[in-house]
Protein chains: 2
Amino acid sequence: MASVANVARVDLVIVSNRGPLTFARDVAGRLVARQGAGGLASSLGPLVAGTGATWIAAAMSDGDREAAASGLVEEGGVRFHLLTPDAEQYRMAYEEVSNSTLWFLHHRIFDLARQPRIDHHWWDAWEAYREVNRCFSDAVAELAPDGATVLVQDYHLTLLGAMLAAERPDLRAVHFTHTPFCDPGELRVLPDPVVHELLTGMEAHRACGFHTERWADAFAAGCRATLGVPPRTFASPLAPDIESLRKVAASEDCAAATERLDATVGDRHLIVRVDRIEPSKNLLRGFVAYDDMLARHPEWVERVVFLAFVYPSREGLADYVAYRLEMEQLVAAINRRWGRRGWTPIVLDIHDDVARSVAALQRYDVLLVNPVRDGLNLVAKEGPLLNTRDGVLVLSREAGAWAELGQDAIGINPFDVGGTADALAAALGMDARSRHTHAGLVRDAAGRRSPQVWLDDQMAAAAR
Amino acid sequence: MASVANVARVDLVIVSNRGPLTFARDVAGRLVARQGAGGLASSLGPLVAGTGATWIAAAMSDGDREAAASGLVEEGGVRFHLLTPDAEQYRMAYEEVSNSTLWFLHHRIFDLARQPRIDHHWWDAWEAYREVNRCFSDAVAELAPDGATVLVQDYHLTLLGAMLAAERPDLRAVHFTHTPFCDPGELRVLPDPVVHELLTGMEAHRACGFHTERWADAFAAGCRATLGVPPRTFASPLAPDIESLRKVAASEDCAAATERLDATVGDRHLIVRVDRIEPSKNLLRGFVAYDDMLARHPEWVERVVFLAFVYPSREGLADYVAYRLEMEQLVAAINRRWGRRGWTPIVLDIHDDVARSVAALQRYDVLLVNPVRDGLNLVAKEGPLLNTRDGVLVLSREAGAWAELGQDAIGINPFDVGGTADALAAALGMDARSRHTHAGLVRDAAGRRSPQVWLDDQMAAAAR
């Protein structure tokens with residue numbers, strides 16, 4: 001965890017599903033902490049290092065569970081408390097409610113003729129979700145100092161507001177959602193009592209934060225329609241941690257990755273995307289748009305490479321495996337159609353490698369970020385901040401980051417593959433002067449905020 | 001066409017994709033008219049019989065095209081004019097825009113991670129849609145008497161308002177939508193210029209009608225958000241033509257079908273559904289709910305039959321074929337799981353037979369109408385009006401008919417199969433007295449309006 005000159009915050013409690021550290025035995029058999037996965041943790045971790053704040057998260061690994069057994073663990077000036085809810089309850093809450101229901105709902109990727117199926121088993125999963133939220137709430141109630149500020153993170157933990165308001169009304173609890181928030185009409189997919197419990201749980205926080213006004217407004221509209229009250233909301237987009245990105249960019253791993261990229265791309269133009277393999281990221285239409293671009297702008301045949309650094313996630317869910325296979329077959333078909341000796345039109349790499357992703361973001365001529373819906377999309381900010389070639393950002397208007405970057409990026413409707421193909425061609429064909437102006441404007445917009453400002457907004461909302 | 005004592009309406013022009021009559025050669029080689037398919041035509045046809053009104057529709061069959069070649073055809077006191085737009089343009093407009101895009105959008109059945117793909121070919125289809133609308137508009141402009149009332153029907157023909165306002169501002173054109181209308185956030189799936197053209201085209205009518213306030217409000221919200229103006233809207237739910245239903249019910253075909261039903265069902269309880277095979281009708285979750293009902297309420301095993309009279313449609317679209325196959329496999333699996341000698345839990349019949357459907361609606365103990373979204377759903381009204389056994393209506397709150405029947409029906413969230421299973425069990429288990437009260441209330445609500453009132457509402461909107 002980076003050591004930053006942070007002020008003391010012993011009255012701050014952070015609550016998230018996944019913590020910033022994960023524990024494992026080293027070769028000597030000692031339980032040691034290392035940085036965990038997850039964008040939230042890597043943004044928030046450095047901000048609270050050395051502050052004496054408390055961080056409550058679920059134990060994810062065997063090492064985590066061992067650490068949990070020893071209670072509070074102090075590490076890097078943060079007091080970690082890892083929770084071990086019942087494993088099957090946790091699985092149901094995490095996979096069936098959080099990731100298969102709420103994630104799909106807020107990103108609007110349900111195939112509604114078939115999904116969701118709210119069956120009796122689902123109701124058990126909802127009960128498990130409630131129990132896991134209760135487990136987190138109990139830990140907060142037990143550990144939080146009098147009048148502490150509690151920052152509850154994301155869609156896994158929506159019910160703590162109501163639980164804490166009942167048990168610890170002295171606490172100043174704020175919720176922050178990292179996903180989009182669906183429109184009131186979309187909420188109707190869930191059973192009424194679930195919608196009521198979810199919104200009541202969130203609304204009982206001192207305030208609910210989102211990455212853009214759009215999601216805050218959608219949440220507020222849902223509360224007004226269902227609960228009859230307007231909630232307290234705020235919009236505060238997260239930003240990348242530039243210092244830590246620059247550290248990766250200066251690393252030997254990154255230099256080696258850049259060399260390998262140079263060998264792959266040569267003097268061709270380079271389109272890049274960096275994403276989880278995730279239906280909401282709209283990988284399929286991105287590749288179809290590229291295919292269409294080659295057909296309609298044949299001047300780019302053999303003169304461009306599309307580098308897709310996309311890595312598997314949630315492969316415990318059948319939808320994600322199916323989506324990956326569909327993507328791999330599509331890429332293979334496009335490469336068969338266009339490829340020739342010495343030129344692979346799409347280079348697909350599904351291994352997660354941060355240094356290589358950073359190298360690609362430094363080097364792109366065009367960055368494609370085309371989600372069907374996205375809470376924010378940090379890559380859309382990281383790319384322009386890292387890029388050294390006046391690269392062009394092609395950005396979906398359905399990403400939360402659109403509110404900050406849309407004025408300067410080349411905007412697309414993510415469902416419009418013809419429009420996306422045209423946007424890619426326009427981005428590739430932009431003259432040097434326009435690229436320079438564009439890149440400067442997008443970089444400025446992407447760099448206007450910091451993780452610290454984002455944290456401060458939550459603290460301010462708690463203090464109001 | 002029924003001969004009704006209608007008032008003369010030579011200044012009335014009806015415009016719909018499919019007309020109330022279709023033409024074919026008889027054995028003697030003469031071109032003769034017979035009643036066509038389609039709920040709209042069967043509702044509206046009798047109302048304008050003998051009035052001298054003009055009806056403009058697309059030629060569907062070879063016989064239609066022969067009739068079209070001879071210009072206006074007078075039949076049953078209505079002047080038919082059949083149009084023959086370019087066949088490929090018509091196919092693209094009908095299949096790719098109307099049925100694969102607008103239908104899916106308004107019923108919210110896109111699998112948005114994959115559909116729609118607005119590619120360059122789609123834009124050609126949109127151009128074809130515009131041309132087909134132009135073809136209808138030109139015919140209206142040519143044939144409509146001075147100051148005539150023009151009733152434009154449904155989502156195939158949304159652009160006539162703007163076209164006629166420019167060419168024939170003397171006409172009083174009203175549009176009526178038979179589907180739901182999607183929320184403003186859902187409209188964002190389409191390219192902005194398409195949304196603008198669609199809403200402008202509709203809004204330029206004197207008024208736009210819908211089956212419920214909900215769809216009218218959604219359309220109005222879209223217009224305000226996109227065009228900055230509130231459109232003139234009205235809500236006017238269609239109703240079944242009771243007389244013609246009773247005529248079918250009194251027919252020999254229906255008596256024979258009732259006998260066959262009696263033999264199939266015996267003294268078991270009877271759940272019925274009558275639908276097109278259509279993803280928005282939510283057939284899959286209906287069968288899963290029945291399966292769940294048998295598991296959780298085993299007292300109904302062998303004591304109930306689920307009769308599904310569902311008939312294929314739009315099988316030129318891969319989605320519809322896939323949906324039918326998925327449904328057939330699901331029904332087979334449920335029948336394998338529960339079936340025993342002498343009892344088939346689900347009797348699935350995919351042949352379209354009006355007399356048999358009417359017989360089933362007379363005889364049900366429970367009628368299941370569970371669409372994920374539906375403009376109105378006439379079956380939800382026809383069933384209670386025909387039923388002779390104090391049958392119970394289980395109705396989705398996402399059907400337009402919910403506004404009229406929701407207070408008295410057993411309501412369900414169509415995504416909630418557990419809730420639907422409970423609703424089926426509750427409906428089957430209702431005591432005779434409650435059933436009698438329920439059936440009376442639902443029948444009254446279903447019979448409160450007539451097709452004539454619906455037509456009058458459109459005429460009144462045109463006159464304003």
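Each value, and the rule that gives it
Residues numbered from 1 in each chain as written. Chains lettered and ligands numbered in written order. Predicted model: local features only at pLDDT ≥ 70, side-chain atom pairs only at ≥ 80, totals over all residues. Helix = DSSP H or I, 4+ residues; strand = E, 2+ residues; numbered from the N terminus. Rg over C-alpha atoms; globule rule 2.2 N^0.38 Å. Contact = placed C-beta atoms within 7 Å. Buried ≥ 20, exposed ≤ 12 C-beta atoms within 10 Å, placed from the backbone. Pairing = 2+ DSSP bridges. Axes fitted to C-alpha atoms, helices over the stretch in contact; angles between N-to-C directions. Core = buried A, V, L, I, M, F, W, Y, C linked by C-beta atoms within 7 Å. Domains from an automatic or database assignment. Nonpolar A, V, L, I, M, F, W, Y, C, P; charged D, E, K, R; others polar. Parallel < 35°, antiparallel > 145°, perpendicular 65-115°, else oblique. Left-handed = near helix turned anticlockwise from the far one by under 90°. Expected span 1.5 Å × (residues − 1). Least-squares fit on C-alpha atoms with pLDDT ≥ 70 in both. pLDDT = per-residue confidence, 0-100. Right-handed = clockwise from strand over helix to strand, strands pointing away.

J.: Before we move on, could you go through the overall build of chain A and cite the residues and values that matter?
T.: Counting its regular elements, chain A contains 18 helices and 16 strands. What you see for chain A is a C-alpha radius of gyration of 22 Å, in line with the 23 Å of a compact globule of 464 residues. Oriented by its inertia axes, the alpha-carbon framework of chain A measures out at about 65 × 50 × 40 Å. Excluding contacts between residues fewer than 6 apart, the proportion of contacts in chain A whose partners are at least 24 apart in sequence is 78%.

J.: Would you mind going over the pairing of strand β4 (residues 54-58) of chain A in detail, with residue names and values included?
T.: Residues and elements named next belong to chain A. For β4, the buried fraction is high: 5 of the 5 residues fall into the buried class. Judged by which residues are buried, β4 turns out to be covered on both faces: Thr54, Ile56 and Ala58 on one side and Trp55 and Ala57 on the other are all buried. Bridge count between strand β1 (residues 12-15) and β4: 3 bridges; the pairing is parallel. Counterpart to Ile14 in the pairing with β4 is Trp55. One ladder, built from 5 bridges, connects β4 with strand β6 (residues 78-83); its direction is parallel. Considered in β6, the bridge of Ala57 is made with Leu82.

J.: Can you tell me about the sheet that holds strand β4 (residues 54-58) of chain B, naming the residues and giving the values?
T.: Residues and elements named next belong to chain B. Judged by pairing direction, the sheet is mixed, and its 8 strands sit side by side in the order β5-β6-β4-β1-β7-β8-β9-β10 without closing on themselves. The sheet is open, and its two edges are formed by β5 (73-75) and β10 (233-235), each paired on a single side. Adjacent strand axes in the sheet meet at a mean angle of 25 degrees, parallel and antiparallel pairs treated alike. In this structure, strand β9 (residues 207-210) lies alongside β10, joined through 3 bridges in parallel fashion. Bridge pairing links Phe210 to Ala235 in β10.

J.: Can you lay out the nonpolar core for me, pointing to particular residues and giving the numbers?
T.: Core analysis: the biggest nonpolar cluster contains 286 residues, and Val394, Leu395 and Leu424 of chain A together with Val394 and Leu424 of chain B have the highest contact counts within it. Once you skip the residues sitting within four places of it in the chain, Leu424 of chain B turns out to touch Ile271, Ala289, Tyr290, Met293, Val366, Leu368 and Val394 of chain B.

J.: Now, about the domain arrangement of chain A: what can you tell me, with residues and values included?
T.: All names here are of chain A. In terms of domains, chain A is made up of domain 1 (12-83), domain 2 (87-238 + 451-463) and domain 3 (242-446). Each of domain 2 and domain 3 was reduced to a C-alpha centroid, and the two centroids are 31 Å apart. In this assembly, 16 residues from domain 2 lie in contact with 14 residues from domain 3. It is helix α3 (residues 87-107) that provides the largest number of residues to the side of domain 2 that touches domain 3, a total of 4 residues.

J.: I'd love a proper account of unusual backbone geometry, names of residues and values included.
T.: Cis geometry is found at the peptide bond from Gln115 of chain A to Pro116 of chain A, where omega equals -10 degrees. In the Ramachandran plot, Asn282 of chain B falls in the positive-phi region, its phi being about 65 degrees despite a non-glycine side chain. Within the fold, Asn282 of chain B resides in the loop between β11 (269-276) and α11 (283-296). Even without being glycine, Asp390 of chain B reaches a positive phi, approximately 55 degrees. With respect to the element layout, Asp390 of chain B can be found in the loop between α14 (379-386) and β15 (392-396).

J.: Which residues make up the sheet that holds strand β16 (residues 410-412) of chain A, and what values do they have?
T.: Residues and elements named next belong to chain A. The sheet built from 6 strands is open, its strands ordered β13-β12-β11-β14-β15-β16 with parallel pairing. Each having just a single partner strand, β13 (346-349) and β16 make up the two edges of the open sheet. Taken pair by pair, the neighbouring strands of this sheet meet at an average axis angle of 20 degrees, ignoring direction. As paired elements, strand β15 (residues 392-396) and β16 share 3 bridges and run parallel to each other. In the strand pairing of β16, Ser396 is matched with Ile412. Relative to the sheet, helix α13 (residues 354-363) contacts β11 (269-276) and β12 (304-311), its axis offset from that of β11 by approximately 140 degrees.

J.: Now, about the interface of chain B and chain A: what can you tell me, with residues and values included?
T.: Each partner contributes residues to the interface: chain B has 31 residues there, and chain A has 31 residues. Listed by contribution, the elements that provide at least two residues to the side of chain B that touches chain A are α4 (120-143), α11 and α16 (417-428) of chain B. Looking at which element gives the most residues to the side of chain B that touches chain A, the answer is α11 of chain B, with 5 residues. Along the lines of polarity and charge, the residues of the side of chain B that touches chain A split into 15 nonpolar, 6 polar and 10 charged.

J.: Break down the packing of helix α4 (residues 120-143) of chain A against helix α5 (residues 160-167) of chain A for me, with residues and values.
T.: Residues and elements named next belong to chain A. Contact geometry of α4 with α5 gives a least axis separation of 9 Å together with a crossing angle of 40 degrees. As the angle between them shows, α4 and α5 are arranged oblique. When the axes of α4 and α5 are compared, the crossing they make is right-handed. Touching Asn133, Arg134, Phe136, Ser137, Val140 and Ala141 of α4 are Leu160, Met163, Leu164 and Glu167, all from α5. Of the residues in the contact of α4 with α5, the class split is 6 nonpolar, 2 polar and 2 charged.

J.: Which residues make up α4 of chain B, and what are the values?
T.: The end-to-end C-alpha distance of α4 of chain B, which contains 24 residues, comes to 35 Å, matching closely the 34 Å that a straight helix rising 1.5 Å per residue would cover. Listed in full, the buried residues belonging to α4 of chain B are Trp122, Ala125, Trp126, Ala128, Tyr129, Val132, Asn133, Phe136, Ser137 and Val140 of chain B.

J.: Explain the relation of the copies chain B and chain A to me, using residue names and the numbers behind them.
T.: You can overlay chain B on chain A at an RMSD of 0.0 Å; the transform is a turn of 180 degrees with a shift of 0.0 Å along its axis. Those values place the two copies in the arrangement expected of a two-fold rotation axis. Closest to the rotation axis within chain B is the C-alpha of Asp111 of chain B, separated from it by 2.1 Å. The share of interface residues of chain B whose copies in chain A are also at the interface is 100%, consistent with both copies meeting through the same surface.

J.: Help me get a handle on the confidence of the model for chain A, residues and values and all.
T.: On average, chain A scores 95 in pLDDT, and the residues at 70 or more come to 98%. Across the interfaces of the predicted complex, the ipTM metric reaches 0.94, alongside a pTM of 0.95.

J.: So, the packing of helix α11 (residues 283-296) of chain A against helix α16 (residues 417-428) of chain A: which residues are in play, and what are the values?
T.: Residues and elements named next belong to chain A. Where α11 meets α16, the axes come as close as 8 Å, and the angle between the chain directions of the two elements is 65 degrees. Handedness of the crossing formed by α11 with α16: right-handed. When α11 is examined against α16, the residues Arg285, Val288, Ala289, Tyr290, Asp292, Met293 and Arg296 are found in contact with a partner set consisting of Val417, Gly418, Thr420, Ala421, Leu424 and Ala425. Residues of the contact of α11 with α16, tallied by class, amount to 8 nonpolar, 2 polar and 3 charged.

J.: Mind laying out the pairing of β11 of chain B, listing which residues take part and the relevant values?
T.: Residue and element names in this part refer to chain B. Extensive coverage of β11 is indicated by the burial of 6 of its 8 residues. Pairing geometry for β11 and strand β12 (residues 304-311), over 8 bridges, is parallel. When the sheet's bridge partners are listed, His269 is paired in β12 with Val304. Viewed along the sheet, the connection from β11 through α11 into β12 turns out right-handed. In the sheet, β11 pairs with strand β14 (residues 366-369) via 2 bridges, with the strands oriented parallel. Looking at β14, one finds that Ile271 is bridged to Val366.

J.: Can you tell me about the environment of Ala144 of chain B, naming the residues and giving the values?
T.: Residues and elements named next belong to chain B. Along the chain, Ala144 falls in the loop between α4 and β7 (149-153). With 132 residues separating them in the primary sequence, Ala144 and Leu12 have C-alpha atoms 7.9 Å apart. Beyond its immediate sequence surroundings of up to four residues, Ala144 is in contact with Val13, Val150, Arg168 and Leu171.

J.: Please provide a residue-by-residue account of the environment of Tyr311 of chain B, values included.
T.: Residues and elements named next belong to chain B. Within the secondary structure, Tyr311 is located in strand β12. With 16 C-beta atoms counted inside 10 Å, the residue Tyr311 sits in the partly exposed group. Linking Tyr311 and Asp352, residues 41 residues apart in sequence, is a C-alpha distance of 5.3 Å. For Tyr311, the residues in contact, after removing those within four places along its chain, are Arg276, Ile277, Ile350, His351 and Asp352.

J.: Hey, could you go over the environment of Asp292 of chain A for me, with residue numbers and the actual values?
T.: Considering the arrangement of structural elements, one finds Asp292 of chain A in helix α11. Owing to 23 C-beta atoms within 10 Å, Asp292 of chain A belongs among the buried residues under this scheme. Separated by 167 residues in sequence, Asp292 of chain A and Met459 of chain A have C-alpha atoms that sit 47 Å apart. When neighbours within four sequence positions are excluded, Asp292 of chain A is seen to be in contact with Val417, Gly418 and Ala421 of chain A together with Asp119 and His120 of chain B.

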